[in-house]
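One letter stands for each residue in the lines below.
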Amino acid sequence: MTRIVVVGSINMDLVTQATRFVGPGETILGQGFVTVAGGKGANQAVAAGRLGAEVALVGAIGGDVFGRQLHAGLEAEAIDLAHVHALCDASSGTASITVAGGENQIIVVPAANARVTPAQVQQAHAAIRRADAVLVQMEIPLETVEATLRLGHRLGVPVILNPAPAQRLPAEWLKLARYVTPNQHELAILLGADASDDFRDLMQRAPCPLVLTRGEEGAWYRDQGEPVHQPGFKVDVVDSTGAGDTFNAALAVFLHEGLPAAVRKACAAAALSVGKLGAQGGMPRLADLDAWLAAHPAS
Ligand code: RIB
(Lines give C-alpha, C1' and ligand atoms only; values in the text may rest on other atoms or scores of the structure.)
Protein backbone atom coordinates (compact mmCIF):
# COMPACT_ATOMS: atom_id res chain seq x y z
CA MET A 1 0.00 0.00 0.00
CA THR A 2 1.27 3.49 -0.82
CA ARG A 3 2.12 5.47 2.31
CA ILE A 4 1.58 9.22 2.35
CA VAL A 5 2.31 11.78 5.06
CA VAL A 6 0.54 15.14 4.82
CA VAL A 7 1.80 18.15 6.79
CA GLY A 8 -0.85 20.84 6.66
CA SER A 9 -3.95 22.70 7.74
CA ILE A 10 -7.26 21.44 9.08
CA ASN A 11 -10.20 23.85 8.72
CA MET A 12 -13.93 23.98 9.12
CA ASP A 13 -15.33 25.39 5.88
CA LEU A 14 -18.30 27.74 6.27
CA VAL A 15 -19.75 27.58 2.77
CA THR A 16 -22.37 30.00 1.43
CA GLN A 17 -23.95 29.35 -1.96
CA ALA A 18 -24.89 32.49 -3.89
CA THR A 19 -25.74 33.44 -7.46
CA ARG A 20 -22.80 35.88 -7.56
CA PHE A 21 -20.02 37.27 -5.38
CA VAL A 22 -20.78 40.21 -3.11
CA GLY A 23 -19.11 43.61 -3.69
CA PRO A 24 -17.67 45.94 -1.02
CA GLY A 25 -20.43 47.43 1.19
CA GLU A 26 -23.08 45.26 -0.47
CA THR A 27 -25.55 42.74 1.03
CA ILE A 28 -27.20 40.05 -1.10
CA LEU A 29 -29.36 37.02 -0.29
CA GLY A 30 -27.64 33.63 -0.51
CA GLN A 31 -29.14 30.33 -1.66
CA GLY A 32 -27.75 27.95 0.98
CA PHE A 33 -25.23 27.42 3.76
CA VAL A 34 -23.31 24.33 4.92
CA THR A 35 -20.53 23.67 7.42
CA VAL A 36 -18.16 21.02 6.05
CA ALA A 37 -14.65 19.75 6.75
CA GLY A 38 -11.81 21.35 4.81
CA GLY A 39 -8.30 22.76 5.03
CA LYS A 40 -5.69 21.98 2.41
CA GLY A 41 -3.84 19.48 4.60
CA ALA A 42 -6.96 17.61 5.71
CA ASN A 43 -8.37 17.66 2.17
CA GLN A 44 -5.21 16.18 0.70
CA ALA A 45 -5.12 13.54 3.44
CA VAL A 46 -8.75 12.54 2.80
CA ALA A 47 -8.29 12.48 -0.97
CA ALA A 48 -5.15 10.31 -0.71
CA GLY A 49 -6.93 7.93 1.65
CA ARG A 50 -9.92 7.56 -0.66
CA LEU A 51 -7.48 6.75 -3.49
CA GLY A 52 -6.20 3.80 -1.50
CA ALA A 53 -3.19 5.20 0.38
CA GLU A 54 -2.34 4.73 4.04
CA VAL A 55 -2.22 8.32 5.29
CA ALA A 56 -0.80 10.08 8.35
CA LEU A 57 -1.57 13.76 8.97
CA VAL A 58 0.60 16.26 10.88
CA GLY A 59 -1.44 19.27 11.98
CA ALA A 60 -3.44 20.98 14.72
CA ILE A 61 -7.06 21.56 15.68
CA GLY A 62 -8.59 23.78 18.36
CA GLY A 63 -10.29 22.74 21.57
CA ASP A 64 -13.67 23.87 20.22
CA VAL A 65 -16.66 22.03 18.76
CA PHE A 66 -15.21 22.40 15.25
CA GLY A 67 -12.04 20.67 16.43
CA ARG A 68 -14.00 17.70 17.76
CA GLN A 69 -16.06 17.44 14.57
CA LEU A 70 -12.97 17.68 12.34
CA HIS A 71 -11.15 15.02 14.38
CA ALA A 72 -14.14 12.66 14.15
CA GLY A 73 -14.42 13.19 10.39
CA LEU A 74 -10.74 12.44 9.79
CA GLU A 75 -10.93 9.38 12.04
CA ALA A 76 -13.89 8.13 9.98
CA GLU A 77 -11.66 8.41 6.88
CA ALA A 78 -9.09 6.16 8.62
CA ILE A 79 -6.40 8.88 8.67
CA ASP A 80 -3.64 8.34 11.27
CA LEU A 81 -4.03 11.32 13.62
CA ALA A 82 -1.19 10.51 16.05
CA HIS A 83 0.56 13.74 14.97
CA VAL A 84 -2.50 16.01 15.05
CA HIS A 85 -2.36 18.16 18.20
CA ALA A 86 -5.59 19.28 19.87
CA LEU A 87 -4.83 22.74 21.32
CA CYS A 88 -7.28 23.50 24.12
CA ASP A 89 -6.36 27.21 24.16
CA ALA A 90 -6.88 27.75 20.42
CA SER A 91 -9.78 27.88 17.96
CA SER A 92 -9.81 25.57 14.97
CA GLY A 93 -8.93 27.01 11.57
CA THR A 94 -11.87 28.25 9.53
CA ALA A 95 -12.43 29.11 5.89
CA SER A 96 -15.31 31.41 4.96
CA ILE A 97 -16.17 30.34 1.42
CA THR A 98 -18.61 31.77 -1.10
CA VAL A 99 -19.48 29.48 -4.02
CA ALA A 100 -21.06 31.18 -7.04
CA GLY A 101 -21.31 29.72 -10.54
CA GLY A 102 -18.85 26.92 -9.70
CA GLU A 103 -16.14 29.45 -8.67
CA ASN A 104 -15.20 30.27 -5.10
CA GLN A 105 -13.80 33.01 -2.90
CA ILE A 106 -12.12 31.99 0.36
CA ILE A 107 -10.90 33.75 3.51
CA VAL A 108 -8.88 31.47 5.78
CA VAL A 109 -8.27 32.20 9.46
CA PRO A 110 -5.43 29.81 10.40
CA ALA A 111 -6.00 29.82 14.23
CA ALA A 112 -4.63 26.42 15.47
CA ASN A 113 -2.94 25.85 12.09
CA ALA A 114 -0.58 28.74 12.91
CA ARG A 115 0.81 26.52 15.70
CA VAL A 116 1.87 23.51 13.62
CA THR A 117 5.56 23.44 14.53
CA PRO A 118 8.82 22.13 13.05
CA ALA A 119 9.08 20.01 16.22
CA GLN A 120 5.87 18.20 15.21
CA VAL A 121 7.45 17.37 11.85
CA GLN A 122 10.49 15.97 13.67
CA GLN A 123 8.19 13.91 15.89
CA ALA A 124 6.69 12.41 12.70
CA HIS A 125 10.21 11.45 11.54
CA ALA A 126 9.50 7.68 11.58
CA ALA A 127 6.29 8.03 9.53
CA ILE A 128 8.02 10.35 7.06
CA ARG A 129 10.98 7.97 6.67
CA ARG A 130 8.59 5.12 5.76
CA ALA A 131 6.46 7.28 3.41
CA ASP A 132 6.41 6.98 -0.38
CA ALA A 133 5.69 10.71 -0.60
CA VAL A 134 5.04 13.71 1.62
CA LEU A 135 2.59 16.52 0.83
CA VAL A 136 2.90 20.02 2.31
CA GLN A 137 1.03 23.26 1.62
CA MET A 138 1.30 26.82 2.95
CA GLU A 139 -1.59 27.34 5.39
CA ILE A 140 0.83 26.50 8.22
CA PRO A 141 3.94 28.44 9.36
CA LEU A 142 6.64 28.72 6.71
CA GLU A 143 9.27 27.44 9.16
CA THR A 144 7.25 24.20 9.34
CA VAL A 145 7.07 24.02 5.55
CA GLU A 146 10.85 24.44 5.48
CA ALA A 147 11.35 21.75 8.15
CA THR A 148 9.21 19.34 6.10
CA LEU A 149 11.17 20.04 2.91
CA ARG A 150 14.51 19.60 4.69
CA LEU A 151 13.54 16.40 6.48
CA GLY A 152 12.05 14.79 3.37
CA HIS A 153 15.11 15.76 1.34
CA ARG A 154 17.50 14.43 3.99
CA LEU A 155 15.61 11.11 4.19
CA GLY A 156 15.32 10.79 0.40
CA VAL A 157 11.51 10.86 0.53
CA PRO A 158 9.90 12.91 -2.27
CA VAL A 159 8.14 16.02 -0.96
CA ILE A 160 5.41 17.62 -3.06
CA LEU A 161 5.12 21.30 -2.18
CA ASN A 162 1.69 22.74 -3.03
CA PRO A 163 2.50 26.45 -2.65
CA ALA A 164 -0.99 27.65 -1.71
CA PRO A 165 -1.73 30.26 -0.60
CA ALA A 166 1.37 31.50 -2.42
CA GLN A 167 4.20 33.57 -1.00
CA ARG A 168 7.63 34.21 -2.46
CA LEU A 169 9.98 31.44 -1.31
CA PRO A 170 13.78 31.13 -1.45
CA ALA A 171 14.97 29.17 -4.49
CA GLU A 172 16.91 26.94 -2.09
CA TRP A 173 13.62 25.70 -0.55
CA LEU A 174 12.04 25.06 -3.95
CA LYS A 175 15.02 22.91 -4.91
CA LEU A 176 14.36 20.65 -1.90
CA ALA A 177 10.93 19.65 -3.26
CA ARG A 178 10.55 16.73 -5.67
CA TYR A 179 7.74 18.66 -7.35
CA VAL A 180 6.24 22.09 -6.73
CA THR A 181 2.59 22.30 -7.80
CA PRO A 182 1.40 25.90 -8.27
CA ASN A 183 -1.23 27.35 -10.56
CA GLN A 184 -0.03 30.14 -12.85
CA HIS A 185 -0.84 32.91 -10.38
CA GLU A 186 0.93 31.09 -7.54
CA LEU A 187 3.98 30.40 -9.71
CA ALA A 188 4.35 34.10 -10.50
CA ILE A 189 4.21 34.96 -6.79
CA LEU A 190 6.66 32.18 -5.88
CA LEU A 191 9.20 33.49 -8.38
CA GLY A 192 8.51 37.19 -7.76
CA ALA A 193 7.55 37.44 -11.46
CA ASP A 194 4.75 39.20 -13.35
CA ALA A 195 1.50 37.16 -13.40
CA SER A 196 0.92 38.22 -17.01
CA ASP A 197 4.16 36.52 -18.17
CA ASP A 198 3.61 33.41 -20.31
CA PHE A 199 3.32 30.47 -17.92
CA ARG A 200 5.65 28.32 -20.06
CA ASP A 201 8.37 30.98 -19.69
CA LEU A 202 7.74 31.08 -15.95
CA MET A 203 8.03 27.29 -15.84
CA GLN A 204 11.41 27.43 -17.60
CA ARG A 205 12.63 30.02 -15.08
CA ALA A 206 11.68 27.98 -11.99
CA PRO A 207 14.64 26.39 -10.16
CA CYS A 208 12.72 23.13 -9.52
CA PRO A 209 10.62 20.46 -11.25
CA LEU A 210 7.04 21.69 -11.58
CA VAL A 211 3.53 20.43 -12.11
CA LEU A 212 1.42 23.47 -13.00
CA THR A 213 -2.37 23.22 -12.71
CA ARG A 214 -4.55 24.99 -15.29
CA GLY A 215 -8.11 24.22 -14.16
CA GLU A 216 -10.18 22.51 -16.82
CA GLU A 217 -7.30 22.92 -19.32
CA GLY A 218 -5.49 20.26 -17.29
CA ALA A 219 -1.87 20.52 -16.20
CA TRP A 220 1.62 21.13 -17.53
CA TYR A 221 4.65 19.41 -16.08
CA ARG A 222 8.37 19.88 -16.43
CA ASP A 223 10.95 17.61 -14.86
CA GLN A 224 13.75 18.53 -17.21
CA GLY A 225 13.54 20.15 -20.63
CA GLU A 226 10.35 21.49 -22.20
CA PRO A 227 6.99 21.65 -20.35
CA VAL A 228 4.56 18.86 -21.33
CA HIS A 229 0.77 19.31 -21.46
CA GLN A 230 -1.75 16.88 -19.96
CA PRO A 231 -5.23 17.92 -21.18
CA GLY A 232 -7.99 18.19 -18.58
CA PHE A 233 -11.36 16.43 -18.53
CA LYS A 234 -14.58 18.32 -19.30
CA VAL A 235 -17.11 18.06 -16.45
CA ASP A 236 -20.00 20.05 -14.97
CA VAL A 237 -18.74 22.05 -12.00
CA VAL A 238 -20.82 22.31 -8.82
CA ASP A 239 -17.98 23.45 -6.53
CA SER A 240 -14.29 23.64 -7.45
CA THR A 241 -13.17 23.96 -3.79
CA GLY A 242 -10.70 21.16 -3.05
CA ALA A 243 -10.01 20.30 -6.71
CA GLY A 244 -6.38 21.36 -6.30
CA ASP A 245 -6.11 19.30 -3.13
CA THR A 246 -7.49 16.23 -4.90
CA PHE A 247 -5.00 16.82 -7.72
CA ASN A 248 -2.05 16.98 -5.32
CA ALA A 249 -3.16 13.91 -3.40
CA ALA A 250 -3.53 11.84 -6.57
CA LEU A 251 -0.14 13.06 -7.82
CA ALA A 252 1.45 11.82 -4.60
CA VAL A 253 -0.42 8.51 -4.53
CA PHE A 254 0.40 7.62 -8.16
CA LEU A 255 3.89 9.16 -8.39
CA HIS A 256 5.45 5.69 -8.33
CA GLU A 257 3.76 5.03 -11.73
CA GLY A 258 5.86 7.79 -13.30
CA LEU A 259 5.07 11.48 -13.75
CA PRO A 260 2.96 11.32 -16.97
CA ALA A 261 0.62 8.65 -15.54
CA ALA A 262 0.42 10.39 -12.17
CA VAL A 263 -0.46 13.75 -13.73
CA ARG A 264 -3.16 12.18 -15.92
CA LYS A 265 -4.72 10.45 -12.91
CA ALA A 266 -4.43 13.67 -10.90
CA CYS A 267 -6.34 15.59 -13.62
CA ALA A 268 -9.06 12.92 -13.68
CA ALA A 269 -9.38 12.81 -9.87
CA ALA A 270 -9.61 16.62 -9.72
CA ALA A 271 -12.31 16.61 -12.44
CA LEU A 272 -14.35 14.06 -10.49
CA SER A 273 -14.01 16.07 -7.28
CA VAL A 274 -15.88 19.16 -8.53
CA GLY A 275 -19.24 17.42 -9.03
CA LYS A 276 -20.43 17.86 -5.43
CA LEU A 277 -20.60 20.69 -2.91
CA GLY A 278 -17.80 20.92 -0.33
CA ALA A 279 -14.06 20.38 -0.63
CA GLN A 280 -14.26 16.72 0.35
CA GLY A 281 -17.79 16.03 -0.96
CA GLY A 282 -16.80 14.94 -4.47
CA MET A 283 -13.36 13.43 -3.80
CA PRO A 284 -13.36 10.09 -5.65
CA ARG A 285 -12.57 6.65 -4.30
CA LEU A 286 -10.07 4.52 -6.21
CA ALA A 287 -12.83 2.43 -7.85
CA ASP A 288 -14.57 5.61 -9.12
CA LEU A 289 -11.31 6.91 -10.56
CA ASP A 290 -10.48 3.59 -12.23
CA ALA A 291 -13.97 3.41 -13.78
CA TRP A 292 -13.67 7.00 -15.03
CA LEU A 293 -10.25 6.38 -16.56
CA ALA A 294 -11.49 3.20 -18.25
CA ALA A 295 -14.32 5.24 -19.80
CA HIS A 296 -11.90 8.01 -20.87
CA PRO A 297 -8.88 6.22 -22.40
CA ALA A 298 -5.83 8.35 -23.25
CA SER A 299 -5.95 9.39 -26.91
O1 RIB B 1 -8.11 24.09 -1.01
C2 RIB B 1 -9.40 24.26 -0.47
C3 RIB B 1 -9.32 24.59 0.98
O4 RIB B 1 -8.72 25.84 1.12
C5 RIB B 1 -10.66 24.71 1.67
O6 RIB B 1 -11.14 23.50 2.16
C7 RIB B 1 -10.40 25.74 2.74
O8 RIB B 1 -10.40 25.24 4.04
C9 RIB B 1 -9.04 26.36 2.39
O10 RIB B 1 -8.09 25.91 3.23
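Conventions used here
- Residues numbered from 1 in each chain as written.
- Predicted model: local features only at pLDDT ≥ 70, side-chain atom pairs only at ≥ 80, totals over all residues.
- Heavy atoms only, no water.
- Helix = DSSP H or I, 4+ residues; strand = E, 2+ residues; numbered from the N terminus.
- Buried < 20%, exposed > 50% of the residue type's maximum accessible area, 1.4 Å probe, protein only.
- Contact = heavy atoms within 4.5 Å.
- Areas by Shrake-Rupley, 256 points an atom, 1.4 Å probe, with all protein chains shown as cover.
- Lys, Arg positive; Asp, Glu negative; His and termini not counted.
- Charge placed at Lys NZ, Arg CZ, Asp CG, Glu CD.
- Core = buried A, V, L, I, M, F, W, Y, C linked by side-chain atoms within 4.5 Å.
- Near = heavy atom within 4 Å.
- Polar contact = N/O pair within 3.5 Å; in protein donor to acceptor, adjacent residues only side chain to side chain.
- Nonpolar A, V, L, I, M, F, W, Y, C, P; charged D, E, K, R; others polar.
- Salt bridge = Lys/Arg side-chain N within 4 Å of Asp/Glu carboxyl O.
- Pairing = 2+ DSSP bridges.
- Phe/Tyr/Trp six-rings, centres within 6.5 Å; stacked < 30°, edge-to-face > 60°.
- Lys NZ or Arg CZ within 6 Å of the ring centre and 35° of its normal.

Caption draft 1: Spatial organisation of the overall build of the protein chain. In terms of helices and strands, the protein chain carries eleven helices and 13 strands. Its C-alpha atoms put the protein chain at 50 × 45 × 40 Å along the principal axes. Counting over 299 residues, the protein chain shows a buried share of 51%. Expressed as a percentage of contacts within the protein chain between residues at least 6 apart in sequence, the contacts between residues at least 24 apart total 66%. Of the accessible surface of the protein chain, which amounts to about 12700 Å², a share of 53% is contributed by carbon and sulfur atoms. When the 22 basic and 29 acidic side-chain charges of the protein chain are each reduced to a single mean position, those positions are 4 Å apart.

Caption draft 2: Looking closely at the nonpolar core. Core analysis: the biggest nonpolar cluster contains 48 residues, and Ile4, Leu57, Val211, Phe247, Leu251 and Val263 have the highest contact counts within it. A total of nine residues in this core trace back to one element, the largest contributor, which is helix α10 (residues 259-273). Residues contacting Leu251, with those up to four places away along its chain left out, are Ile160, Thr181, Val211, Leu259, Ala262, Val263 and Ala266. Ranked by size, the runner-up nonpolar core spans 42 residues in total, among them Ala112, Leu176, Phe199 and Leu212.

Caption draft 3: Structural context of unusual backbone geometry. In this structure, the amide linkage connecting Ala164 to the following residue, Pro165, adopts the cis form with an omega of -10°. Residues other than glycine seldom take positive phi values, yet Ala78 does so here, at roughly 65°. With a phi close to 45°, Ala111 is a non-glycine residue in the positive phi region. Summarising the element assignment, Ala111 is placed in the loop between β7 (103-109) and α3 (118-123).

Caption draft 4: Layout of the site of the ligand. Within the structure, the ligand sits among 13 residues, and Asp13, Gly39, Lys40, Glu139 and Asp245 are positioned closest to it. Between the ligand and the protein, one listed contact pairs an oxygen atom with a side-chain N or O atom of Lys40 at 2.8 Å. Contacts to the ligand include Asp245, whose side-chain N or O atom sits 2.7 Å from an oxygen atom. Protein contacts shield 96% of the accessible area of the ligand, which totals 280 Å² for the unbound molecule. Within the residue set of the shell around the ligand, elements represented by two or more residues are β2 (11-17) and α1 (40-50). A per-class count over the shell around the ligand returns three nonpolar, six polar and four charged.

Caption draft 5: Quick look at the pattern of salt bridges. Taken as a whole, this structure holds twelve salt bridges when the rule is applied. Between Arg205 and Asp197 there is a salt bridge; the shortest N-O distance is 3.4 Å. The exposure class assigned to Asp197 is partly exposed, which follows from its relative accessible area of 23%. One salt bridge connects Glu216 with Lys234, and the closest N-O pair in it is separated by 3.3 Å. Placement of the pair is Glu216 in the loop between β11 (210-213) and β12 (219-222) and Lys234 in the loop between β13 (228-230) and α9 (243-254), with a sequence separation of 18 residues.

Caption draft 6: Just the pairing of β12, in detail. The alternating pattern of β12 places Ala219 and Tyr221 on one face and Trp220 and Arg222 on the opposite face, and all of these are buried. In this sheet, β12 lies alongside β11 in antiparallel orientation, the contact comprising four bridges. Bridge pairing links Leu212 to Trp220 in β12. Counting the residues in the hairpin turn of β11 and β12 gives five residues, including Gly215, whose phi is positive at 60°. Relative to β13, β12 is paired through three bridges, and the arrangement is antiparallel. Opposite Trp220, over in β13, you have His229 as the bridge partner. Between the antiparallel neighbours β12 and β13 lie five residues, among them Gly225 with a positive phi of about 80°.

Caption draft 7: Region of the structure containing the packing of aromatic side chains. All told, the structure shown has two aromatic pairs when counted by the stated rule. Note on Phe199 and Trp220: the rings are 5.4 Å apart at their centroids and 70° apart in plane angle, and the pair reads as edge-to-face. Of this pair, Phe199 sits in helix α8 (residues 199-205) while Trp220 is found in strand β12, placing the two residues 21 residues apart along the sequence. Take Phe199 and Trp220: they sit in the same class, and that class is buried. Their ring planes at 65° and their centres at 6.0 Å tell us that Phe233 and Trp292 sit as a pair that is edge-to-face. On the criterion of sequence distance, the pair formed by Phe233 in the loop between β13 and α9 and Trp292 in helix α11 (residues 286-295) is long-range, its members being 59 residues apart. The cationic tip of Arg200 hangs over the ring face of Trp220; the distance from NZ or CZ to the ring centre is 5.2 Å. One cation-aromatic arrangement involves Lys265 over Phe254; the distance from NZ or CZ to the ring centre is 4.5 Å.

Spatial relationships are all this shows, so hold off on functional conclusions.
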